[in-house]
Amino acid sequence: MQESDALTMQDPYVRKTAAICVSKLYDINPEMVEEQGFLDMLKDLISDSNPTVVANAIAALSEISDNDKGLFKLTKPVLQKLLAALNECTEWGQVFILDALAKYTSSDSRE
């Protein structure tokens, strides 16, 4: 099984674990992660139906963007997905999501 297969498996445990693996792999070989499309797959996991998968995707993207500024930007649609997952996550998942939400900069005063 390849990493990309794990990110799309039906089992949420496999997807949440694969999300964290992408951030570790990015530390080792960022070019390969980008070339193989793992970052896009990771961003797609934000829309996952399982809140734990969403939380791990955000944790991984946050870790990657801490090392490579500007790689992941929190947008209003992503913000809404995170707010939806927040209430259903574990405490650790909530910490990752709240940390990402704290970095959000609104685009206008109505937000």
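Since this is a predicted model, take the numbers as computed values, not measurements. Note on numbering: residues in each chain are counted from 1, in written sequence order. Predicted model: local features are reported for residues with pLDDT of at least 70 only, side-chain atom pairs are reported and counted for 80 or more only, and whole-chain, interface and lining totals are derived from all residues. Based on all heavy atoms of the structure, the side-chain values leave hydrogens and waters out of the count.

Here the focus is the packing of helix 2 (residues 12–28) against helix 5 (residues 51–67). Their axes nearest at 8 Å, the elements helix 2 and helix 5 cross at an angle of 5°. On the basis of the axis angle, helix 2 is roughly parallel to helix 5. When helix 2 is examined against helix 5, the residues Pro12, Arg15, Lys16, Thr17, Ala19, Ile20, Val22, Ser23, Lys24, Tyr26 and Asp27 are found in contact with a partner set consisting of Thr52, Val53, Asn56, Ala57, Ala59, Ala60, Glu63, Ile64 and Asn67. For this classification, Asp, Glu, Lys and Arg are treated as charged, while Ala, Val, Leu, Ile, Met, Phe, Trp, Tyr, Cys and Pro are nonpolar and the rest, including Gly, are polar. Its residues placed into classes, the contact of helix 2 with helix 5 shows 10 nonpolar, five polar and five charged. Angles run from 0 to 180 degrees between N-to-C directions of axes, and those axes are lines fitted to C-alpha atoms, restricted for helices to the stretch in contact. The secondary structure listing takes helices from DSSP runs of H or I that are at least 4 residues long and strands from runs of E that are at least 2 residues long, numbered from the N terminus. Small angles under 35 degrees read as roughly parallel and large ones over 145 as roughly antiparallel, with 65 to 115 read as roughly perpendicular and the rest as oblique. Any two residues whose heavy atoms approach within 4.5 Å are treated as being in contact.

The next point concerns helix 6 (residues 76–86). Of the residues making up helix 6, those classed as buried are Val78, Leu79, Leu82, Ala85 and Leu86. One side of helix 6 holds all its buried residues, which, seen down the axis, span an arc of 130°. Taken together, the buried residues of helix 6 touch helix 5 and helix 7 (91–102). Only protein chains enter the area calculation, which uses a 1.4 Å probe; residues under 20% of their type maximum are buried, those over 50% are exposed, and those in between are partly exposed. What the arc describes is the spread of directions from the helix axis to the C-beta atoms.

Let's shift gears to a nonpolar patch on the surface. A cluster of nonpolar side chains, namely Trp92, Val95 and Phe96, defines an oily patch on the protein surface of about 350 Å² accessible area. In this fold, phenylalanine 96 is placed in helix 7. A relative accessible area of 35% places phenylalanine 96 in the partly exposed class. Residues enter patches when their relative accessible area tops 30% and they take part in no salt bridge; the joining distance is 9 Å for like charges and 5 Å for the nonpolar side chains Val, Leu, Ile, Met, Phe, Trp and Tyr. To measure how exposed things are, a 1.4 Å probe is used in the Shrake-Rupley method; for residues, cover is taken only from the protein chains shown. The term salt bridge refers to a side-chain nitrogen of Lys or Arg lying within 4 Å of a carboxyl oxygen of Asp or Glu.

Remark: nonpolar core denotes a set of buried residues (Ala, Val, Leu, Ile, Met, Phe, Trp, Tyr, Cys) joined through side-chain atoms within 4.5 Å. The biggest cluster of nonpolar side chains holds 32 residues, and the ones touching the most others in it are Leu42, Ile46, Leu82 and Ile97. If you list the elements that add at least two residues to this core, you get helix 1 (3–8), helix 2, helix 4 (38–44), helix 5, helix 6 and helix 7. With eight residues, the single largest contributor to this core is helix 5. Discounting chain neighbours no more than four positions away, the residues touching isoleucine 97 are Ala55, Ile58, Leu82, Ala85, Leu86 and Cys89.

Each α-helix turn comprises 3.6 residues. Residues three or four places apart therefore point the same way. In this scheme, a helix's expected span is set at 1.5 Å multiplied by one less than its residue total. Helix length check: helix 2, at 17 residues, gives a terminal C-alpha distance of 25 Å against a target of 24 Å (1.5 Å per residue), a fit within 8%. Taken together, the buried positions of helix 2 are Arg15, Ala18, Ala19, Val22, Ser23 and Tyr26. Axial view of helix 2: buried residues confined to an arc of 145°, hence all on one face. Exposed side of helix 2, more than 90 degrees from the buried face: Tyr13 and Ile28 are the residues found there. We define a polar contact as two N or O atoms separated by no more than 3.5 Å, with the added condition that, inside protein, one atom must be a possible hydrogen donor and the other a possible acceptor, whereas residues neighbouring each other in sequence contribute only through side-chain atom pairs. Structurally, the start of helix 2 carries an N-cap: the backbone nitrogen of tyrosine 13 is 3.0 Å from a side-chain oxygen of aspartate 11.

Attention now goes to the state of the cysteines. Counting rule for disulfides: a pair of cysteine sulfur atoms within 2.5 Å. One pass over the full model with this rule turns up zero disulfides. Free cysteine: cysteine 21, not disulfide-bonded; nearest cysteine sulfur from cysteine 89 at 19 Å.

As a note on interpretation, predicted positions should not be read in detail where pLDDT is low. Put simply, the chain has an average pLDDT of 87, and 94% of its residues get 70 or more. Within the chain, the element-level pLDDT minimum falls on helix 1, averaging 77, and the maximum on helix 2, averaging 94. A residue's pLDDT is the predictor's confidence in that residue, given on a scale from 0 to 100.

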